[in-house]
Amino acid sequence: NKFSITPRGLIVLFGIAAYRRYSSGSGYPNVSLSSPLPGIPKPVFAAVDGHEQCETKITTLENGLKVASQNKFGQFCTVGILVNSGSRHETKYPSGIAHFLEKLAFSSTAQYGSKDEILLTLEKHGGICDCQTSRDTTMYAVSAEVKGLDTVVSLLSDAVLQPRLLDEEIEMTRMAVRFELEDLNMRPDPEPLLTEMIHAAAYRGNTVGLPRFCPVDNVEKIDKTLLHTYLRSYYCPERMVLAGVGIEHEQLVACARKYLLDVKPVWGAGTPANVDLSVAQYTGGMVKMDKDMSDVSLGPTPIPELTHIMIGLESCSFLEDEFIPFAVLNMMMGGGGSFSAGGPGKGMFTRLYLNVLNRHHWMYNATSYHHSYEDSGLLCIHASADPRQVREMVEIITREFIQMAGTAGEMELERAKTQLKSMLMMNLESRPVIFEDVGRQVLATGKRKLPHQLCDLISNVTGSDIKRVSTKMLRSKPAVAALGDLRQMPSYEHIQAALSSKDGRLPRMYRLFR
């Protein structure tokens, strides 16, 4: 009676006994584990019928609003309204309206007295809300428990169509916008400012070249009347998509009919007027900003003074077949900062690492970016270095552009394609990313290409595709943005000449006195 054995202990003892019998050859026949055991029923595994579970279902309501959903099993869902409205649509208005609307989102509405009330309502369903604007899209999104779907769609409808836009809210937004503009000019990372500048240079004074951030001069001009005039033109059902991930499609359609079908917006219903339908006109050009960058980041380890440049060329719209080869080319160029820790998947074998950062120790950054819109696109390289080496840095980047039209190595092409597919699939693990992908694709094209279709398109890209799109891109005029100490900056004509040459070299300059 000294020892007591728990049920778990009995299982272990039986296991040992069975193992001994089996290993001694008695008790169990010698059966291969790879063949089915006799007398045991065949296992039935869970299966998905075709692609039914990963297909995006789309319904268009009577008023033109599209409802798109993707089922993803789990306790939470992400639902939002995407509007075909952004800074590119501000041609007939003072720039900065989209920036203001982003900051005013989820403030007081007809149903909710304040932003705090909205947040408390969402809190009951474990929810959060966010609004983001880009050059061509405004996105209102909520992530919450699936059980709270009715409340969420009701809240979204109210936030988008019934905002109060009180004077004190607009005044608070003015303060927030002013602060953001100051922060934009002071932050050590100049990438958002350079992106603004390169778009202004590439599409001078039109569509995607219009400022995404509200210019300082316009902060006081934007008021409730102006916002209502803009909203009347662009916030109409046919320019909207209600997208949801993690809910049943029929449930989302029922909520859309209840809260978005016969709702009169606060600015009044009417035929949209002054809708800007202009197509992006790529102009090329140069935007420079002379700026003292010596005190950008002071402290025990200050960032050295750097000059930043961005050179871009026209690529294509995301609706064209060439979009996928351009995405592969952008991945092949890759790049990053010289202080990257490396490791798998960091792109240490991309061209901008191998040919630029690894060979020129004085280069602090070389990164490739691809911006694509419904009617145009821009592939650009951002580089930064000491102000005394700006000319050499520009020449290194122009040479990289020229080499894009050369023959791509089989291994680097396969690596870029694999990396692009892996990035796509890993990003689409996240529910908010699926939501944005569903919403943006349905808003732009009325349908959605599924991840496996995109992966097939990426796999089909060949070296000749890369060469073809690069050669076409090199025929366009360059767009150049430069920020910092620009005394050594080559002229726009010299950069254009380098990108038209065979080797990408800048024209030689001979000076009597240096």
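The residue numbering used here restarts from 1 in each chain and proceeds along that chain's sequence as written. Owing to the predicted nature of the model, reporting of local features is limited to residues with pLDDT of at least 70; listing and counting of side-chain atom pairs is limited to 80 or more, with chain, interface and lining totals taken over all residues. Heavy atoms throughout the structure, all of them, feed into the side-chain values; hydrogens and water do not.

Focus: the side chain of Ser-470
For step 1, the next point in the chain: Each helix is a run of H or I in the DSSP string that is no shorter than four residues. Each strand is a run of E no shorter than two, and both are numbered from the N terminus. Structurally, Ser-470 can be placed in helix H15 (residues 463–473).
For step 2, the next point in the chain: Residues count as neighbours in contact if any of their non-hydrogen atoms are within 4.5 Å of one another. Not counting residues within four places of it along the chain, the set of residues in contact with Ser-470 comprises Leu-329, Met-404 and Ala-405.

Focus: the sheet that holds strand E10 (residues 363–372)
For step 1, the next point in the chain: Judged by pairing direction, the sheet is mixed, and its six strands sit side by side in the order E7-E12-E8-E11-E10-E9 without closing on themselves. Of all the strands in the sheet, just strand E7 (285–290) and strand E9 (335–337) have a single pairing partner and so form its edges. The sheet shows a mean angle of 20° between the axes of neighbouring strands, taken without regard to direction.
For step 2, the next point in the chain: Only strands that DSSP links by at least two bridges are regarded as paired with each other. Of the pairings in the sheet, the one linking E10 to strand E11 (residues 377–385) comprises nine bridges and is antiparallel in character. Of the residues in E11, the one forming a bridge with Ser-368 is Ile-381.
For step 3, the next point in the chain: Packed on one face of the sheet, helix H16 (residues 492–500) meets E7, strand E8 (307–314) and strand E12 (479–484) and runs near 50° to E8. Simply put, an axis is a line fit to the C-alpha atoms, just over the touching stretch for a helix, and the angle between two N-to-C directions goes from 0 to 180 degrees.

So, the confidence of the model for the protein
Low pLDDT means the predicted atomic positions in that stretch should not be read closely.
For step 1, the next point in the chain: Along the chain, pLDDT gives the predictor's confidence residue by residue, from 0 to 100. On average, residues of the protein carry a pLDDT of 89, and 89% of them reach 70 or more.
For step 2, the next point in the chain: Across residues 1–5, confidence stays below pLDDT 50; counting only partners more than four residues off in sequence or on other chains, it has two contacts.
For step 3, the next point in the chain: Low confidence marks residues 10–24, where pLDDT is under 50. Its contacts with residues over four positions away, or in another chain, come to nine contacts.

Re the pattern of salt bridges
For step 1, the next point in the chain: Put simply, a salt bridge is a Lys or Arg side-chain nitrogen that is within 4 Å of an Asp or Glu carboxyl oxygen. Going through the model one piece at a time under the given rule, you end up with 21 salt bridges.
For step 2, the next point in the chain: Salt-bridge contacts for Glu-322 lead to Lys-472; the nearest nitrogen and oxygen are separated by 3.1 Å. Taken as a pair, Glu-322 in the loop between E8 and helix H9 (323–333) and Lys-472 in helix H15 lie far apart in primary sequence, 150 residues in all.
For step 3, the next point in the chain: Its relative accessible area of 14% is what places Glu-322 among the buried residues.
For step 4, the next point in the chain: Exposure categories follow from relative accessible area, calculated using a 1.4 Å probe and restricted to protein chains: below 20% of the type maximum is buried, above 50% is exposed, and the middle band is partly exposed. Look at Lys-472 and you get partly exposed, because its relative accessible area is 40%.
For step 5, the next point in the chain: A salt bridge links Glu-436 to Arg-440, with the shortest nitrogen-to-oxygen separation between them at 2.9 Å. Residue Glu-436 and its partner Arg-440 are located together in helix H13 (residues 431–445), separated by four residues, close to a single helical turn.

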